[in-house]
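Descriptive structure summary
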Amino acid sequence: MVNWLKMRKKEAAIIKLDFKKAYDRVRWNFVDIVLQKMGFGNRWRSWVMECVSTTSMSAVRNGRISPLVIGRDSIALSHLQLADDTILFCPPEMDTIKNYRRQLRCFELMSGLSINFDKSSLIPINCEEQWAQNMCQLLGCKGESLPVKYLGIPLGANLRLVKTWKPIIDRVEEKLSLWKAKIWNKARRLVLIKSVLNSLPVYYLSLFKLPKAVAEKLISLQRRFLWNKDDGSNGMALVKWDVVQAPKKLGRLGVRDAMVRNTAMLFKWWWRFTKKDCPL
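Values in this document were obtained by computation on a predicted structure and should not be read as measured data. (Residues numbered from 1 in each chain as written. Predicted model: local features only at pLDDT ≥ 70, side-chain atom pairs only at ≥ 80, totals over all residues. Heavy atoms only, no water.)

1. Brief notes about the pairing of strand β5 (residues 85–90)
Judged by how many residues are buried, β5 sits mostly within the fold: five of six residues are covered. With six bridges connecting them, strand β1 (residues 12–18) and β5 associate as antiparallel partners. Within β5, the residue paired with Asp18 across the bridge is Asp85. (Buried < 20%, exposed > 50% of the residue type's maximum accessible area, 1.4 Å probe, protein only. Helix = DSSP H or I, 4+ residues; strand = E, 2+ residues; numbered from the N terminus. Pairing = 2+ DSSP bridges.)

2. Here's the deal with the packing of aromatic side chains
The final tally for this structure, using the stated rule, is eight aromatic pairs. Between the aromatic rings of Phe30 and Phe107, the centroid separation amounts to 6.0 Å while the plane-to-plane angle is 75°, which identifies the pairing as edge-to-face. With Phe30 in helix α3 (residues 28–37) and Phe107 in helix α5 (residues 94–111), this pair connects stretches of sequence that are 77 residues apart. The two residues Phe30 and Phe107 agree in class, both being buried. A centroid spacing of 5.3 Å and a plane angle of 40° characterise the contact between Trp179 and Phe225, whose relative ring orientation is tilted. With Trp179 in helix α7 (residues 166–179) and Phe225 in helix α10 (residues 212–227), this residue pair connects regions lying 46 residues apart in the sequence. Exposure class is identical for Trp179 and Phe225. Each is buried. (Phe/Tyr/Trp six-rings, centres within 6.5 Å; stacked < 30°, edge-to-face > 60°.)

3. A closer look at helix α8 (residues 186–197)
Of all the positions in α8, only Arg189, Leu190, Leu192, Ile193 and Leu197 are classed as buried. Viewed along the axis of α8, the buried residues span an arc of 160°, placing them on a single side of the element. Structural note: α8 exposes Ala187 and Val191 on the side pointing more than 90 degrees away from its buried face. Looking at the packing, one finds that the buried side of α8 touches α7 and α10. (Arc of directions from axis to C-beta. Contact = heavy atoms within 4.5 Å.)

4. What about the nonpolar core?
Trp165, Leu197 and Phe225 are the most contacted members of the largest nonpolar core, which has 42 residues in total. Tallying contributions element by element places α10 first for this core, with eight residues. Looking at this core, you find at least three residues from each of domain 1 (1–155) and domain 2 (162–274). Excluding residues within four positions of it along the chain, Phe225 makes contact with Leu176, Trp179, Trp184, Arg189, Leu192, Ile193 and Leu197. The next biggest cluster of nonpolar side chains, apart from the first, holds 26 residues, and it includes Tyr100, Leu113, Leu122 and Met135. (Core = buried A, V, L, I, M, F, W, Y, C linked by side-chain atoms within 4.5 Å. Domains from an automatic or database assignment.)

5. What about the pattern of salt bridges?
Note that side chains of opposite charge can pair when their charged atoms are close. A complete count under the given rule lists four salt bridges for this structure. A salt bridge links Arg45 to Asp32; its shortest N-O distance comes to 2.9 Å. Highlighted residues: Arg45 in helix α4 (residues 42–50) and Asp32 in helix α3, separated in sequence by 13 residues. A salt bridge links Arg105 to Glu108; the nearest nitrogen and oxygen atoms lie 3.3 Å apart. Note that Arg105 and Glu108 are positioned in helix α5 at a spacing of three residues, about one turn of the helix. Judged by its relative accessible area of 44%, Arg105 is partly exposed. (Salt bridge = Lys/Arg side-chain N within 4 Å of Asp/Glu carboxyl O.)

Okay, structure coming up:
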């Protein structure tokens, strides 16, 4: 969505909120009222209230604010919230920003939550710098620029660049650095590749198209780990990597191809969009 706004040079703003000890401050009866207003039944609400000692998810209905309209279908998007990670989307209108500020104050009074505006931020998209500074002063927050991270996702980043995928590559290399001192046979290394290294990029693979250069880098790291000698020196590959990636039912080793997995995960989103009334 952020990339859609950037490519079409649409003006918008994102408000990223930081809550002070959200779980300790929230009023659970407020959560129950919100669930009731959203149409959840008594049984479901009782289950949620029994689980408040672990985690919770809540949504707040909007008042008189202007949502951000995106996409060909003119989808109105106002907020995304998961636990205490919240971002608000809005058009670059001062009245909307003011109404957000008022409603956030009402939200604090009703829910018991407290917003730390010193750590919150406003991220403009294709907006004038002076307008962004004025809105930061109005909200009492700091200004940021894209890309920013939300739930581990780099919002506004160019996913076709290798550097955007650097956190994934770094995590794989970090794991390998911890394993270098171990003396393991090929079978144990193969299990680690399947169970650990293949699972590290799953979050990104389920959301973004994997660049070929990144896939080749991940394969290179896996190949070296599998075939290198115990002292870390280069070893000889016993079979082609195509054999390593082929399914076990064909008598191969069954290390799944990252590009194939990525395509399958992205097609799952397409399948869900065709089956749901509201794809977003």
